[in-house]
Amino acid sequence: GDSVTQTEGLVTLTEGLPVMLNCTYQTIYSNPFLFWYVHYLNESPRLLLKSSTDNKRTEHQGFHATLHKSSSSFHLQKSSAQLSDSALYYCALIASSSFSKLVFGQGTSLSVVP
Amino acid sequence: EAAVTQSPRNKVAVTGGKVTLSCNQTNNHNNMYWYRQDTGHGLRLIHYSYGAGSTEKGDIPDGYKASRPSQENFSLILELATPSQTSVYFCASGDASRGDTEVFFGKGTRLTVV
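The shown structure was predicted, so the numbers you read here are calculated from the model rather than taken from an experiment. (Residues numbered from 1 in each chain as written. Chains lettered and ligands numbered in written order. Predicted model: local features only at pLDDT ≥ 70, side-chain atom pairs only at ≥ 80, totals over all residues. Heavy atoms only, no water.)

1. Focus: the overall build of chain A
Okay, step 1: If you tally the helices and strands in chain A, you get zero helices and twelve strands.
Okay, step 2: Going residue by residue from the N terminus, the α and β elements of chain A occur as β-β-β-β-β-β-β-β-β-β-β-β.
Okay, step 3: Each principal axis of the C-alpha distribution contributes one length, and for chain A these read about 45 × 30 × 20 Å.
Okay, step 4: Taking all contacts inside chain A whose residues are at least 6 apart in sequence as the whole, residues at least 24 apart take part in 56%.
Okay, step 5: Here chain A displays about 5,300 Å² of accessible surface, and carbon together with sulfur accounts for 50% of that area. (Helix = DSSP H or I, 4+ residues; strand = E, 2+ residues; numbered from the N terminus. Contact = heavy atoms within 4.5 Å. Areas by Shrake-Rupley, 256 points an atom, 1.4 Å probe, with all protein chains shown as cover.)

2. Considering the side chain of Ser87 of chain B
All names here are of chain B.
Okay, step 1: Locating Ser87 in the fold gives a position in strand E9 (residues 87-94).
Okay, step 2: Within the structure, the side chain of Ser87 is placed 2.9 Å from the side chain of Asp38, a separation counted as a polar contact.
Okay, step 3: With residues up to four places along the chain from it excluded, the contact list for Ser87 reads Arg36, Gln37, Asp38, Thr109, Arg110 and Leu111. (Polar contact = N/O pair within 3.5 Å; in protein donor to acceptor, adjacent residues only side chain to side chain.)

3. Some details on a nonpolar patch on the surface
Okay, step 1: Taken together, the side chains of Val12, Val14 and Val114 of chain B present a nonpolar region at the surface, about 300 Å² in accessible area.
Okay, step 2: Counting through the fold element by element, Val14 of chain B comes out in the loop between strand E2 (10-13) and strand E3 (19-25). (Patch = residues over 30% accessible without salt bridge, like charges linked within 9 Å, V, L, I, M, F, W, Y side chains within 5 Å. Salt bridge = Lys/Arg side-chain N within 4 Å of Asp/Glu carboxyl O.)

4. Description of the sheet that holds strand E3 (residues 19-21) of chain A
Residues and elements named next belong to chain A.
Okay, step 1: Ordered in space as E3-E9-E8-E7, the four strands form an open sheet in which the pairing is antiparallel. A single partner strand is all that each edge strand has here, and the edge strands are E3 and strand E7 (57-60). Going across the sheet, the axis of each strand differs from the next one's by a mean of 20°, ignoring polarity.
Okay, step 2: Judged from the four bridges that link them, E7 and strand E8 (residues 63-66) form a sheet pairing that is antiparallel. Considered in E8, the bridge of Arg57 is made with Thr66. (Pairing = 2+ DSSP bridges. Axes fitted to C-alpha atoms, helices over the stretch in contact; angles between N-to-C directions.)

5. Some points on the side chain of Gln6 of chain A
Okay, step 1: The topology assignment puts Gln6 of chain A in the loop between strand E1 (3-5) and strand E2 (10-14).
Okay, step 2: One polar contact links the side chain of Gln6 of chain A to the main-chain amide nitrogen of Gly107 of chain A, over a distance of 3.1 Å.

6. Concerning the packing of aromatic side chains
Okay, step 1: Under the criterion given, the structure shown has twelve aromatic pairs over all chains.
Okay, step 2: Ring geometry for Tyr33 of chain B and Tyr48 of chain B: centres 6.4 Å apart, planes at 20°, overall stacked. Here Tyr33 of chain B is found in strand E4 (residues 31-38), whereas its partner Tyr48 of chain B is found in strand E5 (residues 42-49), with 15 residues between them in sequence. With respect to burial, Tyr33 of chain B and Tyr48 of chain B carry one shared label: buried.
Okay, step 3: Members of the aromatic cluster, connected to one another through ring pairs, are Phe35, Tyr37, Tyr90 and Phe104 of chain A together with Tyr33, Tyr35, Tyr48, Phe90 and Phe105 of chain B. (Phe/Tyr/Trp six-rings, centres within 6.5 Å; stacked < 30°, edge-to-face > 60°. Buried < 20%, exposed > 50% of the residue type's maximum accessible area, 1.4 Å probe, protein only.)

7. Section: the interface of chain B and chain A
Okay, step 1: With 24 residues of chain B in contact, the opposing surface of chain A contributes 20 residues.
Okay, step 2: Summing the contributions of chain B and of chain A, the shared interface buries around 1,900 Å²; its carbon and sulfur component is 56%.
Okay, step 3: Taken together, the connections running from chain B to chain A amount to one salt bridge.
Okay, step 4: Between Lys101 of chain A and Asp59 of chain B there is a salt bridge whose closest N-O contact spans 3.1 Å.
Okay, step 5: Our enumeration of links across chain B and chain A arrives at seven residue pairs in polar contact (both at pLDDT 80 or more).
Okay, step 6: At the level of elements, E4, E5 and strand E10 (103-105) of chain B are the ones that each hand at least two residues to the side of chain B that touches chain A.
Okay, step 7: Taken together, the residues of the side of chain B that touches chain A break down into ten nonpolar, nine polar and five charged. (Buried area = accessible area lost by both parts, 1.4 Å probe. Nonpolar A, V, L, I, M, F, W, Y, C, P; charged D, E, K, R; others polar.)

Structure follows, in structure tokens:
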């Protein structure tokens, strides 16, 4: 079935350093939709980025990601980490024509320290 | 603004007891989801629905039932609760008309089975 893999469970970064969180996916569907959701402590998860276009960079709130269908990847990046970026980040996939089943990865906890 | 309301927010249940988690959305979304969140596993899909009267098994449906009696309401039922079902449960809703639509989450229900 469809699946999403995030290899890092915990990433600790010093403020000001670049962020890169990895996401790869598996699906037989040729037109998947990929998402990044962010979950701050004591809040609900919410959408950060989305894409379905191959090799096109998408940006929001200083973060960016590019869907690469050739490598089945959708890595999340930011040029300079801020303390307020500390949160749980989920990569997610919709890979069916019915647009119904939304599958998440294991999540990466990002901790930004001074 | 999109709204998903979960009840109860906290629940302590006894092993072998029946637990019902409720979810209501005022977004008029066709799709609704139940996830559980556990450290190291991320958000795992239990059941989902693409409209009133429908329920579909997600990736970890064993031990759970779901009910979608109306567009607005989606319940998760644990007929015989076990300690392994101790977790934080999130309900979400999304528009089924397009694959890149945002999914909106409730605030979560913390369930402890003793």
